[in-house]
Amino acid sequence: MPIPSKALGTFYVLGHDCMEQLMFRMNLRELAALASASNGLHTLVQAHVKRTIHRILRLMGLDPVPLLKLLRRTLSAIVGSSTLLALNPWTFVPGDIDICVQRSRKKVVQLIRGLESELHMKYVGSKVWDVNKAYPNSIGGVYGIAKLTYGGRHVHILISNSGPLKPIFSFHSTCVMNFISSSYVFCAYPDLTFNFRNLINHDSVMGQGRMEKRVKACIDKYCERGYEVRGNTSAREEFDDHVCGSDPNCPRTPRALNDAGCFYFSYSGSCRRPRGIGRAWLLDSST
């Protein structure tokens, strides 16, 4: 939605501190709309979002500068609950941090050694998942997980079987299908996530015909953080007239990283989006 010219004029006459206070209360989609109004506002919003991401990482006890540089070098991304704070800032206190990286010995070793030497973490160990076991022992697309510790917290490195981002589309629900790269923030279901709505990933969590207790506990955690969960869009009035199989919020719509339903915002320079084409994920393939 475009910014009205009268409102836009108000932004220009406000002081820097007032602008910061206003932007502090906006979610990332609102900030993206503001950034689209002019080049000056785009620069201002980019700087604000970058500061926000740095604050989130510092809140988790991490030095943002070397971590983001390490993500760039290893083509990896931050995933999991901490990404929600870049979309809907300051809605809860983050816990541990998860990072996705492609299954490449060079990149995995580079990432682990960088976390040890540059961020002073301690490597605990790695585990290769048995793909025949049920979730959460086997997240789709994940070859294994490496674990590091720092200051009483944990970092889990999800080693992807294919592209570094593939595992997020096997996560339990839509509210965690986001990532933070070294230069931009991605959200797979912005219409849901920015409105604190959440859909269960049926194909991932109901593979055995029932939901594992540990998965239910994960989903309940996001309910407590304000994300209202539903099994499908039919339970929501706002989707009563949606086109099944076409609406990006529909669980039966094939989705891809570069489709119109995704949200991206670059906070550092140009945004080099993934080049994935064709279907990347589907929440519910049942008929």
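1. Here's the deal with the overall build of the protein chain
Inference 1: From N to C terminus, the protein chain includes 10 helices and 10 strands.
Inference 2: Here the protein chain holds 287 residues, and the buried ones make up 48% of them.
Inference 3: Considering only residue pairs separated by 6 or more positions, the protein chain has 66% of its internal contacts joining residues 24 or more positions apart.

2. Looking at the nonpolar core
Inference 1: Ranked by size, the top nonpolar core spans 75 residues in total, and within it Leu115, Ile157 and Phe186 carry the most contacts.
Inference 2: With 6 residues, the single largest contributor to this core is helix H4 (residues 39-59).
Inference 3: Here Leu115 is in contact with Leu67, Leu70, His120, Met121, Leu148, Val155 and Ile157, once residues within four sequence places are set aside.

3. Examining the packing of H4 against helix H5 (residues 64-74)
Inference 1: Close contact between H4 and H5 brings their axes to 9 Å; oriented N to C, the two are set at 105°. Comparing their axes, H5 and H4 come out roughly perpendicular. Contacts between H4 and H5 involve His54, Leu57 and Arg58 on the former and, on the latter, Pro64, Val65, Leu67 and Leu68.
Inference 2: Its residues placed into classes, the contact of H4 with H5 shows 5 nonpolar, 1 polar and 1 charged.

4. Here we look at the packing of H5 against helix H7 (residues 105-118)
Inference 1: At their nearest, the axes of H5 and H7 sit 10 Å apart, and the two run at 170° to each other. In terms of orientation, H5 and H7 fall into the roughly antiparallel class. Note that H5 runs across H7; the crossing there is right-handed. On H7, the residues touching Pro66, Leu67, Leu70, Arg73 and Thr74 of H5 are Lys107, Gln110, Leu111, Gly114, Leu115 and Glu118.
Inference 2: Residue composition of the contact of H5 with H7, grouped by class: 5 nonpolar, 3 polar and 3 charged.

5. Quick word on the packing of aromatic side chains
Inference 1: Inspection of the entire model under this criterion finds 10 aromatic pairs.
Inference 2: Three or more aromatic residues joined by ring pairs form one cluster here, namely Phe169, Phe179, Tyr184, Phe186, Tyr189, Tyr264 and Trp281.
Inference 3: One residue, Arg225, lies across the ring of Phe92, its end atom 4.0 Å from the ring centre.
Inference 4: The cationic tip of Arg225 hangs over the ring face of Tyr222; the distance from NZ or CZ to the ring centre is 5.3 Å.

6. Some details on the pattern of salt bridges
Inference 1: Applying the stated criterion to the full structure yields 5 salt bridges.
Inference 2: The salt bridge partner of Asp220 is Lys216, with a shortest N-O separation of 3.0 Å. Placement of the pair is Asp220 and Lys216 together in helix H10 (residues 213-224), with a separation of 4 residues, close to one helical turn.
Inference 3: For Lys216, a relative accessible area of 44% translates into the label partly exposed.
Inference 4: A salt bridge links Asp259 to Arg255; the nearest nitrogen and oxygen atoms lie 2.7 Å apart.
Inference 5: According to the relative accessible area criterion, Asp259 is partly exposed, its value standing at 21%.

7. A word on the pairing of strand E4 (residues 142-150)
Inference 1: Taken together, the 6 bridges between strand E3 (residues 122-128) and E4 define a ladder with antiparallel strand orientation. Looking at E4, one finds that Tyr123 is bridged to Leu148.
Inference 2: Connecting E4 to the antiparallel partner strand E5 (residues 153-160) that follows it, the hairpin turn spans 2 residues, and Gly151 within it adopts a positive phi of roughly 50°.

8. Concerning the environment of Lys50
Inference 1: By the secondary structure assignment, Lys50 is in helix H4.
Inference 2: When its relative accessible area of 34% is taken as the criterion, Lys50 is described as partly exposed.
Inference 3: Sequence separation between Lys50 and Ser183 is 133 residues, and the spatial gap between their C-alpha atoms is 8.9 Å.
Inference 4: Those residues within four positions of Lys50 in sequence are excluded, and the remaining contacts are Tyr267 and Ser268.

Reading the values: rules and limits
Residues numbered from 1 in each chain as written. Predicted model: local features only at pLDDT ≥ 70, side-chain atom pairs only at ≥ 80, totals over all residues. Heavy atoms only, no water. Helix = DSSP H or I, 4+ residues; strand = E, 2+ residues; numbered from the N terminus. Buried < 20%, exposed > 50% of the residue type's maximum accessible area, 1.4 Å probe, protein only. Contact = heavy atoms within 4.5 Å. Core = buried A, V, L, I, M, F, W, Y, C linked by side-chain atoms within 4.5 Å. Axes fitted to C-alpha atoms, helices over the stretch in contact; angles between N-to-C directions. Parallel < 35°, antiparallel > 145°, perpendicular 65-115°, else oblique. Nonpolar A, V, L, I, M, F, W, Y, C, P; charged D, E, K, R; others polar. Left-handed = near helix turned anticlockwise from the far one by under 90°. Phe/Tyr/Trp six-rings, centres within 6.5 Å; stacked < 30°, edge-to-face > 60°. Lys NZ or Arg CZ within 6 Å of the ring centre and 35° of its normal. Salt bridge = Lys/Arg side-chain N within 4 Å of Asp/Glu carboxyl O. Pairing = 2+ DSSP bridges.

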